[in-house]
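A closer look at the structure
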Amino acid sequence: MPSGCPRSGRKPHERRGLSNMIRSVVRGFGAALPKRVMTNRDMEDVVDTSDEWIVQRTGIRQRYIAGEGETTSSLGEAAARAALDRAGLTPADIDLIICATSTPDNTFPATAVNIQSRLGMHHGFAFDVQAVCTGFVYAVTTADAYIRGGLAKRVLVIGAETFSRILDWNDRTTCVLFGDGAGAIVLEAAEGEGTTADRGVLTAHLRSDGSHKEKLYVDGGPSTTGTVGKLRMEGREVFKYAVGMITDVIQAAFDATGTTPDDLDWLVPHQANRRIIDGSAKKLHIAPEKVVVTVDLHGNTSAASIPLALATAAGDGRIKEGDLVMLEAMGGGFTWGAALLRW
Ligand code: ACO
């Protein structure tokens, strides 16, 4: 363990309260959805299902499906431009783009690099993060590490997906659950006091366990089949683990900061299933009115679901500057994680 701060020579605990802690603060947010809405009734024309079954088991009422010309990078670009506009910034102000996605435009280059090009940026650097539905929490955590490490000052963090293109549209157990879309935030370096009163990312906790791969995966890839493949899921198995994993990692974020569910203003969960969201909030005694739910509108958009939910709740004035916000997700791998931030 290092005994002091290499730059200042101070012991880590002496940095508290000296206004010298770098925080990653949200400057702007944005979202983008495909043009086409597909309701549960529309889904009844595709597979043997019903609006009643889908709503009762998942809470989903509709999802957006990408059409011709709409791709992960086009949706990501639109969300990024909206976030920049809201922040009063331009691409020239950004030095890093991180895109969380499991449905890249191409195997390579990274979708983040495609978005960089679409934004007309020739400076800085860009890369993708792949942690399936936990991708946005991983991307926020990565951006925060780059910012606090002094490697970037303003980061565009994007979650963008076109899951409709890896669905088996003959499999009613999966195709009704997912949708397409993108969300983005701009994180900016700012001085903090090193306390939980600071704005910005306060703590983040990431986990993975690859032994669960067979429960949720895509059955193709460049190095195995040479094809893109389709999503496969043992839904009941995923459900069995979800609440336990999600609540563990949220509790880790509370413990690391000495905060409690009472201090929280908003829980912004990954939007996979209403029952998982409600079960997790109940287990942690987080009041239902503090939980942002958009799964009814968007379905499960994987890495895009949290930034879409953030843009929805910040856009309609629910999430305000200074609010304490918990992000959490669980997804294929398994991967799971939580990040606590002050908006
Ligand atoms: N419409 C009608 N009936 C259906 C459908 C459908 N779309 N899908 C399955 N059924 C049937 C099944 O065939 C089964 O019929 P049977 O009893 O005659 O065999 C019955 O409904 C019950 O099936 P279950 O799989 O037991 O249904 P369950 O209550 O578990 O709900 C669901 C399924 C919604 C997938 C649930 O297990 C779930 O939400 N799991 C978690 C999945 C999830 O959240 N994944 C995402 C997390 S990770 C990520 O985001 C990538």
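Higher on the page you've got the structure.
First things first, this report covers the structure right here in the doc. From a predicted model like this one, the values you see are computed outputs, not experimental measurements. (Residues numbered from 1 in each chain as written. Predicted model: local features only at pLDDT ≥ 70, side-chain atom pairs only at ≥ 80, totals over all residues. Heavy atoms only, no water.)

1. Examining the site of the ligand
We apply this condition: Nearness of a residue to a molecule or strand requires only that one of the residue's heavy atoms be within 4 Å of it. Residues adjacent in sequence count toward polar contacts only when both atoms are side-chain atoms; beyond that, a polar contact is any pair of N or O atoms within 3.5 Å, and within protein one must be able to donate a hydrogen and the other to accept it. The method behind every accessible area is Shrake-Rupley, applied with a 1.4 Å probe, and residues are considered shielded solely by the protein chains displayed. Only DSSP runs of H or I with at least four residues qualify as helices, and only runs of E with at least two residues qualify as strands; both kinds are numbered from the N terminus onward. Note on residue categories: nonpolar means Ala, Val, Leu, Ile, Met, Phe, Trp, Tyr, Cys or Pro, charged means Asp, Glu, Lys or Arg, and polar means any other residue, Gly included. An automatic or database domain assignment supplies the residue ranges for each domain.
Surveying the vicinity of the ligand reveals 24 residues, the closest of which are Thr49, Arg57, Cys133, Asn273 and Asn300. Here Asn273 contributes a side-chain N or O atom positioned 2.5 Å from an oxygen atom of the ligand. Separating an oxygen atom of the ligand from a side-chain N or O atom of Asn300 is a distance of 2.7 Å. When the ligand sits alone it has 1,000 Å² of accessible area, and the protein chains cover 76% of it. Looking at the shell around the ligand, the elements that each hand over two or more residues are helix 2 (51-58), helix 6 (172-175), helix 7 (235-257), helix 8 (274-283) and strand 12 (324-331). Tallied by class, the residues present in the shell around the ligand amount to eleven nonpolar, eight polar and five charged. Among the domains, domain 1 (24-192) and domain 2 (197-342) are the pair contributing at least three residues each to the shell around the ligand.

2. Quick look at the nonpolar core
The criterion, for reference: What we call a nonpolar core is a set of buried Ala, Val, Leu, Ile, Met, Phe, Trp, Tyr and Cys residues that are connected through their side-chain atoms within 4.5 Å. Think of it in three bands: with a 1.4 Å probe and only protein chains considered, a residue is buried below 20% of the maximum accessible area for its type, exposed above 50%, and partly exposed in between. Contacts are assigned to residue pairs with any non-hydrogen atoms lying within 4.5 Å of each other.
Ile250, Leu264, Leu267, Met326 and Met330 are the most contacted members of the largest nonpolar core, which totals 43 residues. In terms of residue count, the dominant contributor to this core is helix 7 (nine residues). When residues of this core are sorted by domain, at least three fall in each of domain 1 (24-192) and domain 2 (197-342). Every residue in contact with Met330, bar those within four places of it in the chain, is listed here: Cys133, Thr134, Val238, Tyr241, Ala242, Met245, Ile246, His270, Thr335 and Trp336. With 37 residues, the next largest nonpolar core counts Val129, Val157, Leu187 and Ala314 among its residues.

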